[in-house]
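So the chains spell out like this:
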Amino acid sequence: MRSRRLCFYMFLPLLLWSLSAYAESESNNVATLEQQVQELVNNHRTAMGLAPLEYHEDIARIARRHSNDMANGYVSMGHEGADERGRILARMITYNQFAENVAENSQTVSSTAEAAVAGWLNSPGHRVNLEGNYTLSGIGIARNGNTFFFTQIFLTSSGSSRPAMASRRPQNDTSDHDSSLESDHNALSFQHRRANTPAREEAESDPRKRAGRKRVRGGYVQGLDEDH
């Protein structure tokens, strides 16, 4: 009995090391795939004469969280929580446009990233986002068994020092779901413009431009409702 315990205690560190090594390897694989998606997207944008997207780790972290939620079944494959992701990112980055592509496929590790980007390019809604007037991007990938889940978030940063080149395709504020991809590559796109663009934010923060504000000699006064 004592020898069995000794054998177990000797085996336990090896088991823990194996699990840790597997987790590290899986993490490295996912990081490599995320980098591949970023490169494939930027290669396409460059070929189209568009400015490449700047990678942003904070965006990738939020995208990765959504991919993990989809992979674990906490949310369905789609854009549930996209508005909340937009609000979280707004606390980190000043931006005025947000878009998101998600995808799911069961390709091999060597071809899953290429399949995801090819699927987006073959779907008009996703392609509008991918070729859109955005400056920043982050990709998050998660895996459940043989299935990979992708989230790519696009932002137009109002604080960007370089102008983004305009897309050759018109931009829409509608969601698109290409059902033809559902057999092996499921994908959804989401896009919205923040309600408070910089011009509106400036107007709301400037007391001279508030509703009911009147100019008088020596400054401004706030007009009052007659009922109050």
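Because the structure is predicted, anything quoted here is derived from the model rather than measured.

Side note on the side chain of His-66
Okay, so step 1: Turning to its location among the elements, His-66 is positioned in helix H2 (residues 57-71).
Okay, so step 2: Separated by 3.1 Å, the side chains of His-66 and Arg-85 make a polar contact.
Okay, so step 3: Among residues more than four places away in sequence, those in contact with His-66 are Val-75, Gly-78, His-79, Glu-80, Arg-85, Glu-100, Val-102 and Thr-151.

Topic: the environment of Ser-106
Okay, so step 1: For Ser-106, the position within the fold is in the loop between strand S2 (95-105) and helix H4 (112-121).
Okay, so step 2: Remark: the alpha-carbon pair of Ser-106 and Phe-148, spanning 42 residues in sequence, is separated by 6.1 Å.
Okay, so step 3: Looking at Ser-106, its side chain comes within polar contact range of the side chain of Thr-147, at 3.2 Å.

Considering the environment of Asn-105
Okay, so step 1: The residue Asn-105 is located in strand S2 in this model.
Okay, so step 2: Linking Asn-105 and Gly-119, residues 14 residues apart in sequence, is a C-alpha distance of 9.7 Å.
Okay, so step 3: A polar side-chain atom of Asn-105 sits 3.2 Å from the main-chain amide nitrogen of Gln-107.
Okay, so step 4: A distance of 2.7 Å separates the side chain of Asn-105 from the side chain of Thr-112, its partner in a polar contact.

The rules behind each value
- Each chain carries its own residue numbering, running from 1 in the written order of its sequence.
- Local features in this predicted model are restricted to residues whose pLDDT is 70 or higher, and side-chain atom pairs enter the listing and the counts only when it is 80 or higher, whereas totals over whole chains, interfaces and linings include all residues.
- As a rule here, side-chain values come from all non-hydrogen atoms in the structure, and water together with hydrogens is ignored.
- A run of DSSP states H or I qualifies as a helix once it reaches four residues; a run of E qualifies as a strand once it reaches two. Both are numbered from the N-terminal end.
- Nitrogen and oxygen atoms within 3.5 Å of one another constitute a polar contact, given that in protein one can donate a hydrogen and the other can accept it, and given that sequence-neighbouring residues count only through two side-chain atoms.
- Whether two residues touch is decided by their heavy atoms; if any such pair falls within 4.5 Å, the residues are in contact.

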